[in-house]
Each structure stands twice: as structure tokens, then as C-alpha cells.
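Here is how the chains run, residue by residue.
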Amino acid sequence: MNVVQEPLLGWRGWQVVEGRHGPALASWWVDAVWPARRPLEARCGVHGSRPAAHHACGIHAFSARDEALAYLHRTHDSVPLLFCRRPQRALAVAIGRVSGWGRAVTHRRGWRSEFAYPYDLFLLERDDGLARAVADRYAVDVSALPPIR
Ligand SMILES: [Zn+2]
């Protein structure tokens, strides 16, 4: 466990859901909608915002893009993704890089951090209008095309 001086950069996936003020990024399994223009802070019932080495808390990211993609495909296979535990309708699936900072736990395949914010995003299915709306809301680059594999 360490306190990160420079932000970590990793990969993860999101659902783009219809929020009260426009399209919003939502975590995959945890029922968390990412705030726009301010960091998401981790929340654990035991450890608060600071991820613990022996726990699964903190905001997760993979080191490799392919691991993040594989994670999405795994959940595609096992659960009807767009309906999993989420009251809002999912508009799209996004993958992208995420910055993490504060207290962080690094491990072989990625890291878990206290704070995080998206760095750039790609929609897995082309939607120019939605890409623009998400870019405006979160003030990050959003490509309407998936990353080249
Ligand atoms: Zn915890």
C-alpha cells in the first residue's frame, strides 16, 4: 500500500447510463455513478475511502487494455449486462483510461485507488452524439470509435 504522488493510469470499462443531467458513467458491478468534473472517491463500509491491501475496496483499474476488455466480455457472457442491478437504462458501453491517485494498492494486474477520474474514453459502438455529450459533461476526450485492437 502506498500514497501515489503521480497519478496512476489504468484501463477500465463503464456503462453509460441516462443520468438526471445527461449521460453519466456508471461502474460495472458496484452501483456507483461517476461524478462529472470532480473525482470519484472510493467508499468502503470498513475502510472508508482508503483502499486496504487485504480487501477488495478502492476504485479498480487494469494495467492492460485487453484485460479491461476481457472483463467486459466475461460479464457479457454471464449476465444480461444492460440490466444488471441498475435502475437506469444503459445507453452504451465505454472503455478507456482512468487516472487514480491518493492512497493506492497496486497488484499484478492493476491497482485500486482512493480517487479516480476518467482520462479518455472510447464507446464500443459508434455514437457520435453520445460521444460528444459525454465529452462535454466530463471534459475528457471521447471517441465514438472503439480503440484499435
Ligand atoms: Zn475495504
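Above this text you will find the structure in question.
The text that follows walks through the structure, step by step, so that each part is easy to find. Once a new chain begins, its residue numbering starts again from 1 and follows that chain's sequence as written. Only residues with pLDDT of at least 70 get local features here, since the model is predicted, and only at 80 or more are side-chain atom pairs given and counted; chain-wide, interface and lining totals rely on the full set of residues. Water and hydrogen atoms were dropped before computing side-chain values, which therefore reflect all heavy atoms in the structure.

## Concerning the coordination of the zinc ion
- The protein atoms that coordinate the zinc ion are C44 (SG), H47 (ND1), H55 (ND1) and C57 (SG), at distances of 2.0 to 2.3 Å.
- Only nitrogen, oxygen and sulfur atoms qualify as donors, provided they sit within 2.8 Å of the metal or within 3.2 Å for Na, K and Ca; with water excluded from the atoms, sites may seem incomplete. For a four-donor site, all angles between 85 and 135 degrees give tetrahedral; for four or six donors, opposite pairs above 155 degrees with the remaining angles between 65 and 115 give square planar or octahedral; all remaining cases count as irregular. Bound by four donor atoms, the zinc ion shows angles of 105 to 116° at the metal and therefore tetrahedral coordination geometry.
- Positions of the donor residues of the zinc ion, expressed as sequence spacing, correspond to C-x2-H-x7-H-x1-C. Highlighted residues: C44 in the loop between β3 (40-41) and β4 (59-62) and H55 in the loop between β3 and β4, separated in sequence by 11 residues.
- Relative accessibility thresholds used throughout: buried, under 20% of the residue-type maximum; exposed, over 50%; partly exposed, between the two (1.4 Å probe, protein chains only). Overall, C44 belongs to the buried group, its relative accessible area being 12%.
- Its relative accessible area of 34% is what places H55 among the partly exposed residues. Comment: elements are numbered from the N terminus, with helices defined as DSSP H or I runs of at least four residues and strands as E runs of at least two.

## Some points on the nonpolar core
- Within this scheme, the nonpolar core is defined by two criteria: the residues are buried Ala, Val, Leu, Ile, Met, Phe, Trp, Tyr or Cys, and they are joined through side-chain atoms within 4.5 Å. In terms of nonpolar packing, the biggest core is built from 29 residues, with V16, L25, W34, V134, Y138 and V142 touching the most fellow members.
- Elements with a minimum of two residues in this core: β1 (2-19), β2 (22-26), β4, β5 (90-107), β6 (110-123) and α2 (128-138).
- W11, F62, I95 and F122 belong to the second-largest nonpolar core, a separate cluster that totals six residues.

## Describing the side chain of S49
- In this structure, S49 sits in the loop between β3 and β4.
- For the purposes of these results, a polar contact is taken to be a pair of N or O atoms within 3.5 Å, where, inside protein, one atom must be able to donate a hydrogen and its partner to accept one; residues adjacent in sequence count only when each atom of the pair is a side-chain atom. A polar side-chain atom of S49 sits 2.9 Å from a polar atom in the side chain of E114.
- It only takes one pair of heavy atoms within 4.5 Å for two residues to be counted as in contact. Apart from residues no more than four positions distant in its own chain, S49 is found in contact with E41, A42 and E114.

## A closer look at the pairing of β5
- For β5, the tally of buried residues reaches 13 of 18 residues, placing the bulk of the element in the interior.
- Should DSSP find at least two bridges between two strands, the strands are regarded as paired. Note: β5 against β6, 12 bridges, orientation antiparallel. Its bridge partner lying in β6, I95 is registered against F122.
- Here β5 hands over to β6 after two residues, the two strands then running antiparallel side by side.

## Regarding the pattern of salt bridges
- Take a side-chain nitrogen of Lys or Arg and a carboxyl oxygen of Asp or Glu: if they are within 4 Å of each other, that pair is a salt bridge. Here the structure, examined in full by the defined rule, presents four salt bridges.
- One salt bridge connects D66 with R65, and the closest N-O pair in it is separated by 3.5 Å.
- Residue class for D66 comes out partly exposed when judged on its relative accessible area of 45%.
- The closest approach of N and O atoms between R109 and E67, which form a salt bridge, is 2.8 Å. Taken together, the residues span a long stretch of sequence, with R109 in the loop between β5 and β6 and E67 in helix α1 (residues 65-78) at a distance of 42 residues.

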